[in-house]
Amino acid sequence: MTVSVLGAGAFGTALAISLARTGRPVTLWARDLADMDVARENTRRLPGFTFPETLAVTGDLSDAAQSSILLLTVPMQSLARFLTQHTKFLDGKTLVACCKGIDLTTGLGPAEIIRRACPAATPAILSGPSFAVDIAAGLPTALTLAVDDGHALQTALSTPNIRPYRSADLVGVEIGGALKNVVAIACGMTIGAGLGESAHAALMTRGFAEMQRFALSRGARPETLSGLSGFGDLALTCSSDKSRNYAFGLALGRGEPLPEGTTIEGKATAKAVSNLAKKIGLDMPIADMVVAVLENHLTVNEAADMLLTRPLKEE
Ligand SMILES: NC(=O)C1=CN([C@@H]2O[C@H](COP(=O)(O)OP(=O)(O)OC[C@H]3O[C@@H](n4cnc5c(N)ncnc54)[C@H](OP(=O)(O)O)[C@@H]3O)[C@@H](O)[C@H]2O)C=CC1
Ligand SMILES: O=C(CO)COP(=O)(O)O
């Protein structure tokens, strides 16, 4: 089973490097190769990590799509258009979505977007706590791979520093990865605004309750949210300023200029989740609060007051 990685951002590049270090041939596709094929490094998105010899880079999607396993590492809000633009190359393949989020236009997660755009493909989700720089540095990571009947895929995506655990719950796995980014923005705002570590812990915990509530409403298995793609990724993303979502929240809370030029998935996903929850009468106060701050309806301190003055309830 050969593997290609479609999308040469930080994460796609890190996955491709780790897979190629096993000595297997791996292809990395970029819409803009820049100098990657000559420099043998992604100087723009993941500087400092030389490509292994078995990693080929290409700007030709028809070439990259020769592999039977295709990792989709474009940002979530680009996924639907990317798949429909390139269906003829992608349909029928095993398509592993590595992006984290919910599509703002349709309210769909990556698995359903894949099913609609490429009905003959096998959809899978790879998610869990893993910073691109950690993977590229060869540090150990454990992820969840959600797919129907995925033993061979699990083996194909294992490397000395990526240990994938199998799950059959695609909905639960994709929702954990999507919603932890929204909670991470809220946690960053809290610390940035000086509201303290107790408030941070409370937000993480109530954010986890919100993730579970939303996931169950979409048919996820409860235990999935306690795993790597839910609790695991929440713990990482809400506590490290290596997370772009957390760092974005920190900057918002401090009133500093917001980071630009990287992918901050929680922004669009907060809006998508808040919209979906309203339609079905689901209570998602943290996602609503993040949206209200992003849209300048509330300051961070007003949002915190709003959460604290909600009617008292059972945990
Ligand atoms: N970075 C990380 O640590 C992790 C990221 N992820 C997830 O991976 C996904 C990608 O993130 P990441 O790699 O960090 O993002 P980056 O911000 O590093 O890069 C995004 C990449 O996507 C490319 N891209 C954007 N739109 C398109 C498109 N329409 N067609 C083709 N390529 C496109 C960009 O190309 P160009 O360079 O030409 O602009 C760029 O290379 C996100 O969903 C993120 O949540 C998951 C785990 C860890
Ligand atoms: O998903 C991630 C870690 O698992 C990366 O988080 P950020 O997108 O916030 O950097």
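In the annotation of an unreviewed UniProt entry, the entry for the chain reads Glycerol-3-phosphate dehydrogenase [NAD(P)+], and the organism field reads Aliiroseovarius sediminilitoris. Check the Pathway (unreviewed entry) section of the UniProt entry for the chain; it says "Membrane lipid metabolism; glycerophospholipid metabolism." Note on the chain: under the UniProt heading Subcellular location (unreviewed entry), the record states "Cytoplasm".

Asker: Talk me through helix α15 (residues 285–294); I want residue IDs and the actual numbers.
Answerer: Where burial is concerned, most of α15 is hidden: seven out of the ten residues are buried. Looking only at α15, the buried set comprises Ile 286, Ala 287, Asp 288, Met 289, Val 290, Val 291 and Val 293. On the buried face of α15, the contacting elements are α9 (170–192), α10 (197–217), α13 (244–254), α14 (266–279) and α16 (300–308). Asn 296 occupies a position one or two residues after α15 and carries a positive phi of about 65 degrees.

Asker: How would you summarise the domain arrangement of the chain if you had to cite specific residues and measurements?
Answerer: By a frequent convention, interface size equals the accessible area lost on bringing the separate parts together. You can read the domains of the chain as domain 1 (3–168) and domain 2 (171–308). Taking only C-alpha atoms into account, the centre of domain 1 sits 25 Å from that of domain 2. Listed by partner, the interface residues are 25 residues for domain 1 and 26 residues for domain 2. For the side of domain 1 that touches domain 2, the elements supplying multiple residues, two or more each, are α4 (76–85), α6 (110–117), β6 (122–127), β7 (141–146) and β8 (162–167). A breakdown of the residues in the side of domain 1 that touches domain 2 according to their chemical character gives 14 nonpolar, nine polar and two charged.

Asker: I'd like a description of the packing of α14 against α15, backed by residues and values.
Answerer: Contact geometry for α14 and α15: axes closest at 9 Å, N-to-C directions at 125 degrees. On the basis of their axis angle, the class for α14 and α15 is oblique. Here the hand of the crossing between α14 and α15 comes out left-handed. Listed contacts from α15 to Lys 267, Ala 270, Lys 271, Val 273, Ser 274 and Ala 277 of α14 are Ala 287, Asp 288, Val 290, Val 291 and Leu 294. Looking at side-chain class alone, the contact of α14 with α15 contains seven nonpolar, one polar and three charged residues.

Asker: How would you sum up the UniProt feature "binding site: substrate" (unreviewed entry) in the chain? Please name residues and give values.
Answerer: Under the UniProt annotation, "binding site: substrate" (unreviewed entry) lies at Lys 100, Arg 244 and Asn 245. Maximum C-alpha separation among the annotated residues is 12.7 Å over a sequence range of 146 residues, consistent with a single clustered spot. As for its position among the elements, Lys 100 is in the loop between β5 (94–97) and α6. Dropping the residues within four chain positions of it, Lys 100 is found in contact with Met 76, Ser 127, Gly 177, Ala 178, Asn 181 and Glu 265. Mapping Asn 245 onto the fold places it in helix α13. For Asn 245, the residues in contact, after removing those within four places along its chain, are Asn 181, Ala 184, Ile 185, Thr 237, Ile 264, Glu 265 and Gly 266.

Conventions adopted
Residues numbered from 1 in each chain as written. Chains lettered and ligands numbered in written order. Predicted model: local features only at pLDDT ≥ 70, side-chain atom pairs only at ≥ 80, totals over all residues. UniProt positions renumbered as here; feature names shortened; annotations may be inferred. Buried ≥ 20, exposed ≤ 12 C-beta atoms within 10 Å, placed from the backbone. Helix = DSSP H or I, 4+ residues; strand = E, 2+ residues; numbered from the N terminus. Contact = placed C-beta atoms within 7 Å. Domains from an automatic or database assignment. Nonpolar A, V, L, I, M, F, W, Y, C, P; charged D, E, K, R; others polar. Axes fitted to C-alpha atoms, helices over the stretch in contact; angles between N-to-C directions. Parallel < 35°, antiparallel > 145°, perpendicular 65-115°, else oblique. Left-handed = near helix turned anticlockwise from the far one by under 90°.

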